[in-house]
Amino acid sequence: MIRHEQIEKNSGLMLVLTLVIISIGGLIEIVPLFFINDTIEVVKKEITETSRDANGKRVRTKREVDAIRPYTPLEQLGRNIYIREGCYACHSQQIRPMQDEYLRYGYYSLAAESQFDHPFQWGSKRTGPDLARVGGKYSNRWQSEHLKNPRSVEPKSIMPGYPYLSKNDLYYKDVKSHMKALRITGVPYSSNDEEYKANVERFGANVADLLVIDNAIENLEKQAKDGNYDPGREGISEMAALVAYLQVLGTMYQFKDDDGIEYSKFR
Ligand code: HEC
């Protein structure tokens with residue numbers, strides 16, 4: 001038996017045993033990281049693609065692609081505003097797998113759904129409701145009116161108003177830099193042909209087009225124009241970006257009744 005006194009008096013032995021203990025702790029923390037990809041669910045959806053065959057005839061083919069995609073440039077900048085304004089201080093974005101949660105908010109959140117979130121916005125406090133599936137619950141007009149003055153649509157609301165978001169023009173000249181930075185963290189925005197093709201394979205061509213860093217500005221302007229996220233406002237406001245982000249939350253994959261949980265009628 002080695003006595004503790006002997007270890008303390010022998011610095012070589014002390015060092016070796018300290019290293020052994022630290023390595024065990026280290027392994028416990030590091031090993032799960034190698035399996036992290038296995039813990040993210042595979043969420044697939046079917047898309048139909050049209051192409052031309054050898055005779056120039058149009059053919060439609062169906063295939064499965066990843067349902068959860070990275071945010072478009074506009075949604076990503078909206079997300080930045082969500083973070084800047086500290087919405088996470090009152091709103092969570094994580095539906096827990098418990099009955100009261102899915103009756104109120106919908107299917108519980110999957111790890112896959114926040115795989116491109118850097119930093120994630122799970123939050124830890126719910127002064128207001130969870131927002132993980134708020135996309136599509138209200139119209140764009142409701143969202144922008146609510147953000148300007150929550151009392152105008154929800155008379156007893158205690159949420160602060162953010163009227164200036166509609167007055168501020170969105171600054172988006174640096175959107176490419178944001179996407180490049182996110183790329184370093186593993187978000188598959190593409191900056192060359194090879195990456196673009198991999199995205200077509202993974203998400204389908206329509207989505208892959210939105211993830212091209214070089215086209216970010218045009219994509220952002222087009223989405224803002226087509227989406228009319230801040231109704232009645234000319235140009236692109238910060239509000240438009242934030243609403244574009246809110247409207248995509250939880251909508252990338254449509255959970256069906258046979259996914260096990262009936263929740264849609266409660267929304
Ligand atoms: C001080 C706490 C607080 C902050 C900060 C806050 N909210 Fe809220 N939010 C609430 C409360 C309370 C409600 C419920 C009442 C209502 O609908 O206004 C709410 C409701 C909402 C809803 C409607 C949710 C639903 O399912 O009906 C949305 C969307 C929303 N907030 C978005 C935001 C965004 C975006 C921000 C940041 C710009 C934000 N909130 C900041 C407290 C807050």
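Everything discussed here concerns the structure shown above.
Quick caveat, the model's predicted, so the values are computed rather than measured.

**Concerning the pattern of salt bridges**
And step 1. A full pass over the atoms with the stated rule returns 17 salt bridges.
And step 2. With a shortest N-O distance of 2.7 Å, R84 and E238 are connected by a salt bridge. Placement of the pair is R84 in helix α3 (residues 73–84) and E238 in helix α11 (residues 238–248), with a sequence separation of 154 residues.
And step 3. Classification of R84 as partly exposed rests on a relative accessible area of 46%.
And step 4. Exposure remark for E238: the relative accessible area of 9% places this residue in the buried category.
And step 5. Here E101 ties to R126 by a salt bridge, and the two come within 2.6 Å at their closest N and O atoms. Of this pair, E101 sits in helix α4 (residues 99–105) while R126 sits in the loop between α4 and α5 (140–148), placing them 25 residues apart in sequence.
And step 6. The class of E101 is buried, set by a relative accessible area of 4%.
And step 7. By relative accessible area, which is 28% here, R126 ends up partly exposed.
And step 8. Counted as one network, the salt bridges with shared partners bring together R96, E101, R126 and D130.

**Section: the site of the ligand**
And step 1. Lining the immediate environment of the ligand, one finds 23 residues, of which C87, C90, H91, Y138 and M159 sit closest.
And step 2. In the model, an oxygen atom of the ligand is placed 2.8 Å from a nitrogen or oxygen of the K137 side chain.
And step 3. Looking at the shell around the ligand, the elements that each hand over two or more residues are α5 and α11.
And step 4. Of all the elements, α5 adds the most residues to the shell around the ligand, at 4 residues.
And step 5. Here the shell around the ligand is composed, by residue class, of 14 nonpolar, 6 polar and 3 charged.

**Things to note about the coordination of the iron atom of the ligand**
And step 1. Looking at the iron atom of the ligand, one finds its protein donor set to be H91 (NE2) and M159 (SD), positioned 1.9 to 2.1 Å from the metal centre.
And step 2. Each of the 6 donor atoms bound to the iron atom of the ligand contributes to angles spanning 88 to 179°, and the resulting shape is octahedral. You can see H91 sitting in the loop between α3 and α4 and its partner M159 sitting in the loop between α5 and α6 (164–167), a full 68 residues away along the chain. Of the two residues examined, H91 and M159, each falls in the buried class.

**Notes on the layout of surface pockets**
And step 1. Here the largest pocket is characterised by a volume of approximately 730 Å³.
And step 2. In terms of lining residues, the largest pocket is bounded by 33 residues, among which H91, P129, L131, H146 and M159 are the most central.
And step 3. Counting residues per element, the ones that place at least two in the lining of the largest pocket are α4, α5 and α11.
And step 4. Counting residues per element, the lining of the largest pocket draws most heavily on α5, which supplies 4 residues.
And step 5. Grouping the constituent residues of the lining of the largest pocket by class yields 19 nonpolar, 7 polar and 7 charged.

**Remarks on the packing of α3 against helix α7 (residues 175–184)**
And step 1. Taken N-terminus to C-terminus, the directions of α3 and α7 make an angle of 85°; their axes are 10 Å apart at the nearest point. Relative to α7, the element α3 lies roughly perpendicular. On α7, the residues that touch P73, Q76, L77 and N80 of α3 are V175, H178, M179 and L182.
And step 2. When the residues that make up the contact of α3 with α7 are grouped by side-chain class, the tally is 5 nonpolar, 3 polar and no charged.

**Observations regarding the packing of aromatic side chains**
And step 1. Per the counting criterion, the structure on display carries 7 aromatic pairs.
And step 2. Ring centres of Y138 and W142 lie 3.6 Å apart, and the angle between their planes is 10°; on these two criteria the pair is classed as stacked.
And step 3. Taken together, the ring pairs connect Y71, Y82 and Y245 into an aromatic cluster.

Reading guide: rules and limits
Residue indices follow the written sequence of each chain, beginning from 1 at its first position. Since the coordinates come from a predicted model, pLDDT governs what is reported: local features require at least 70, and pairs of side-chain atoms require 80 or more to be given and counted, while whole-chain, interface and lining totals use all residues. As a rule here, side-chain values come from all non-hydrogen atoms in the structure, and water together with hydrogens is ignored. Salt bridge criterion: a side-chain nitrogen from Lys or Arg within 4 Å of a carboxyl oxygen from Asp or Glu. Secondary structure is summarised from DSSP: a helix means a run of H or I of at least four residues, a strand means a run of E of at least two, and numbering begins at the N terminus for each. Categorising residues by exposure relies on relative accessible area from a 1.4 Å probe, with only protein chains included: less than 20% of the type maximum marks a residue as buried, more than 50% marks it as exposed, and the intermediate range marks it as partly exposed. By convention in this text, a residue qualifies as near a molecule or strand provided that one of its non-hydrogen atoms is within 4 Å of it. Side-chain atoms alone can form a polar contact between residues adjacent in sequence; in general such a contact is a pair of N or O atoms within 3.5 Å, and within protein one must be able to donate a hydrogen while the other accepts it. Under the scheme applied, nonpolar residues are Ala, Val, Leu, Ile, Met, Phe, Trp, Tyr, Cys and Pro; charged residues are Asp, Glu, Lys and Arg; polar residues are all the others, including Gly. Metal donors were taken as nitrogen, oxygen and sulfur atoms no farther than 2.8 Å from the ion, or 3.2 Å where the ion is Na, K or Ca. Water is excluded, so coordination may look unfinished. For four-coordinate sites, all angles between 85 and 135 degrees define a tetrahedron; for four- and six-coordinate sites, opposite donors beyond 155 degrees with the remaining angles between 65 and 115 define square planar and octahedral shapes respectively, and all other cases count as irregular. Buriedness for pockets is judged along seven lines, at least five of which must meet protein on both sides within 12 Å for an open set on the 1 Å grid over protein atoms alone, while cavities are sets there where a 1.4 Å probe fits but cannot get out, and lining residues have an atom within 4 Å of a point. Grid points are joined across faces, edges and corners, and a volume is the space filled by probe spheres set on the points. Here the axes come from fitting lines to C-alpha atoms, over the contacting stretch only for helices, and the angles between their N-to-C directions go from 0 to 180 degrees. In this scheme, roughly parallel covers angles under 35 degrees and roughly antiparallel covers those over 145, while 65 to 115 is roughly perpendicular and the rest are oblique. Two residues form a contact once any of their heavy atoms are found within 4.5 Å. Pairing of aromatic rings covers Phe, Tyr and Trp, the last counted by its six-membered ring, and requires centre-to-centre distances within 6.5 Å; plane angles under 30 degrees mean stacked, over 60 mean edge-to-face, and any other angle means tilted.

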